[in-house]
Structures are given as C-alpha cells and as structure tokens.
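Observations on the three-dimensional arrangement
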Amino acid sequence: MKTEFNIQQEIVVWFRNNHCLKHHKPRNIIFSVPNEAAYKNKSFIQTGLMVGVSDLIVVIDSKTLYFEVKTATGKQSPKQIEFEETIKNLNQEYYLVRSLDNFIDIIEHYLK
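Here's what I pulled together on the structure shown here.

Rules and cut-offs
Residues numbered from 1 in each chain as written. Predicted model: local features only at pLDDT ≥ 70, side-chain atom pairs only at ≥ 80, totals over all residues. Heavy atoms only, no water. Helix = DSSP H or I, 4+ residues; strand = E, 2+ residues; numbered from the N terminus. Expected span 1.5 Å × (residues − 1). Buried < 20%, exposed > 50% of the residue type's maximum accessible area, 1.4 Å probe, protein only. Arc of directions from axis to C-beta. Contact = heavy atoms within 4.5 Å. Phe/Tyr/Trp six-rings, centres within 6.5 Å; stacked < 30°, edge-to-face > 60°. Axes fitted to C-alpha atoms, helices over the stretch in contact; angles between N-to-C directions. Left-handed = near helix turned anticlockwise from the far one by under 90°. Nonpolar A, V, L, I, M, F, W, Y, C, P; charged D, E, K, R; others polar.

Quick notes on helix α2 (residues 78-89)
The end-to-end C-alpha distance of α2, which contains twelve residues, comes to 16 Å, matching closely the 16 Å that a straight helix rising 1.5 Å per residue would cover. The complete set of buried residues in α2 reads Gln80, Phe83, Glu84 and Ile87. End-on view of α2: buried residues confined to an arc of 100 degrees, all on one side of the axis. For α2, exposure combined with an orientation more than 90 degrees from the buried face picks out Pro78 and Asn89. Residues of α2 that are buried sit in contact with β3 (63-69) and β4 (93-97).

Have a look at this one:
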C-alpha cells in the first residue's frame with residue numbers, strides 16, 4: 001500500500017508536469033505546507049504555523065483549492081477536520097484525496 005508521502009509525491013509530480021511548466025497557459029501553482037517538519041519547534045507558531053492545515057494548496061485560474069492527502073484507510077485528525085470546516089465556511093474548496101486518480105478527477109473538473 002502506498003504511503004501518504006508516496007501519494008502526495010505522485011500528485012505534485014503529475015500536477016507540475018501537466019500544469020506548472022513555463023509553456024502552460026495559464027501556468028498554475030501547487031505547493032505543500034510541511035507543518036509536521038516544524039511541530040517540535042513551538043516558535044514557528046508565532047510565524048504562522050497552523051496545526052491541521054491541508055497538505056497541498058493548488059492555485060488554478062481564479063480558484064484556490066486545498067487538498068488533504070490520506071491513504072485508503074487514513075483518517076483526518078481533529079485539527080484537520082477543524083481546518084476543513086473553516087475553509088468551507090470561507091466558501092473555499094477543500095478535498096480529501098486518497099490517490100493520484102482521485103486528485104486528477106478533481107483538477108480536470110476545474111479545468112474544463
């Protein structure tokens with residue numbers, strides 16, 4: 001079974017190769033929010049660390065999409081659920097994805 005890391009890596013590579021190169025019009029953006037790398041250093045909270053933030057943020061055309069990556073059996077933490085609710089209450093798009101194919105289906109919907 002693939003790990004969350006493997007799934008996220010596949011997503012980023014696919015999106016960058018298909019939508020983020022200089023010749024793509026428009027040239028879109030995908031980036032990760034590696035909060036887990038900073039959790040042990042509490043001083044990062046003062047510079048914007050937010051527990052529960054989605055793994056990936058994608059900017060396409062006039063939309064910003066938030067993606068949480070999980071395995072087939074992975075579950076969101078309470079802080080991730082709280083972040084999802086906050087994003088949706090702000091009329092933004094948040095998705096829980098479990099595979100590259102799941103992610104591609106969502107992106108293709110927005111790029112029609």
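Things to note about the packing of aromatic side chains
Evaluated as defined, the whole model comprises eight aromatic pairs. Measuring from centroid to centroid gives 6.1 Å for Tyr66 and Phe83, while their planes differ by 70 degrees, and the two rings are edge-to-face. Of this pair, Tyr66 sits in strand β3 while Phe83 sits in helix α2, and the two are 17 residues apart along the sequence. On the basis of relative accessible area, Tyr66 is assigned to the buried category, the value being 15%. Ring geometry for Phe67 versus Tyr95: centroids 5.6 Å apart, planes at 25 degrees, classification stacked. Here Phe67, found in strand β3, pairs with Tyr95, found in strand β4; they are 28 residues apart in sequence, far enough to count as distant. According to the relative accessible area criterion, Phe67 is buried, its value standing at 0%. Members of the aromatic cluster, each reached through a chain of ring pairs, are Trp14, Phe15, Phe67, Tyr95, Phe103 and Tyr110.

Some remarks on the packing of helix α1 (residues 4-19) against helix α3 (residues 100-110)
The contact between α1 and α3 brings their axes to 9 Å, and the two run at 40 degrees. Crossing angle aside, the handedness with which α1 passes α3 is right-handed. On the side of α1, the interface is formed by Ile7, Glu10, Ile11, Trp14, Phe15 and His19, while α3 contributes Leu100, Phe103, Ile104 and Ile107. Per-class residue counts for the contact of α1 with α3 are eight nonpolar, one polar and one charged.

So, the environment of Leu56
On the secondary structure map, Leu56 appears in strand β2 (residues 56-60). For the pair Leu56 and Phe5, spaced 51 residues apart in sequence, the C-alpha separation works out to 12 Å. Aside from chain neighbours lying at most four places away, what touches Leu56 is Gln8, Ile11, Val12, Ile30, Phe31, Ser32, Leu65, Tyr66, Phe67 and Val69.

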